[in-house]
Amino acid sequence: MKTKVWLTIALSGLLCLTSLAQEKKNYIWSYEGKKRTNTIGLYGGVSGTYSTVMDNSANWLGYKAGLVFNQHWGIGFAGSALNYDKNLDRLVANGTYRLEAGYSGLFLEYIVPLKDKAKLSFSWTTGMGLAQYVYNKEFKENKLWYEEIIDQERFAANELAAEFMFRLAGNWWLGVQGSYRDTSPVELNETADDIFEQFNVGISIKYGIF
């Protein structure tokens, strides 16, 4: 019974989005305020950015999902995970390990519509993250689960970004973005405190009615 209810809700939502897409609206809901009609849109998307970590190439894989009010102000959830494919061995006598990191939180965004085909946005993402050194898989054997982690630290992250988006087709958008990430000191052993404080460039793809 519950499954049927959720399927009905999901189907209704899909039909609603399809209907709005066909009408080429830039919002999902609208309501009357004291002085104007207010609109609420939404979008979700993923991104990939290039940066450096310890003077080596690295990538961050990110996501964003939020609401957009009156086509200008966006707010929602965002996060990024580090993809750093380099074997490390400085902290251990035997074996190799890798660096893992990620953070998530909230974002606030101001969007400037450029006619119907493009948008410019400026955003601030703030959240908390975790960084750790973990033994590579082949060196985890005969270790207890808590021995697999060599060092681990939490950190705060703030990221300022600018992005140019243009419509691919329908409600699909492709973006080109640049950002700078600032963090609290990341106090991993024998690691620079500002290891993640870098400029980033990349692309994003979004689906949304906003």
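To be clear, the structure that these remarks concern was listed above.
Right, let's get into the pattern of salt bridges. When charged atoms on two side chains of opposite charge get close, those side chains can pair. The final tally for this structure, using the stated rule, is five salt bridges. Residue Glu148 is joined to Lys140 by a salt bridge in which the shortest nitrogen-to-oxygen separation is 4.0 Å. Residue classification places Glu148 among the partly exposed positions, given a relative accessible area of 22%. Using a relative accessible area of 22% as the deciding quantity, one classes Lys140 as partly exposed.

As defined by bridge partners, strand β6 (residues 118–135) adjoins strand β7 (residues 149–169) across 17 bridges and the pair is classed as antiparallel. Residue pairing across strands places Thr125 opposite Glu159, the latter belonging to β7.

All told, the structure shown has one cavity of 30 Å³ or more when counted by the stated rule. Every residue lining the largest cavity is counted, 24 residues in all, and those nearest its centre are Ser47, Lys64, Ser80, Glu159 and Gln177. Secondary-structure elements contributing two or more residues to the lining of the largest cavity are β2 (37–53), β3 (56–69), β4 (73–83), β6, β7, β8 (172–183) and β9 (199–209). Per element, the largest residue contribution to the lining of the largest cavity is five residues, and it comes from β3. Taken together, the residues that form the lining of the largest cavity break down as eight nonpolar, 12 polar and four charged.

Rules used in this analysis
Residues numbered from 1 in each chain as written. Predicted model: local features only at pLDDT ≥ 70, side-chain atom pairs only at ≥ 80, totals over all residues. Heavy atoms only, no water. Salt bridge = Lys/Arg side-chain N within 4 Å of Asp/Glu carboxyl O. Buried < 20%, exposed > 50% of the residue type's maximum accessible area, 1.4 Å probe, protein only. Pairing = 2+ DSSP bridges. Helix = DSSP H or I, 4+ residues; strand = E, 2+ residues; numbered from the N terminus. 1 Å grid on protein atoms, 1.4 Å probe; cavity = no way out; pocket = protein on both sides within 12 Å on 5 of 7 lines; lining within 4 Å. Points joined across faces, edges and corners; volume = space filled by probe spheres on them. Nonpolar A, V, L, I, M, F, W, Y, C, P; charged D, E, K, R; others polar.

Any functional reading would require information that these geometric values do not contain.
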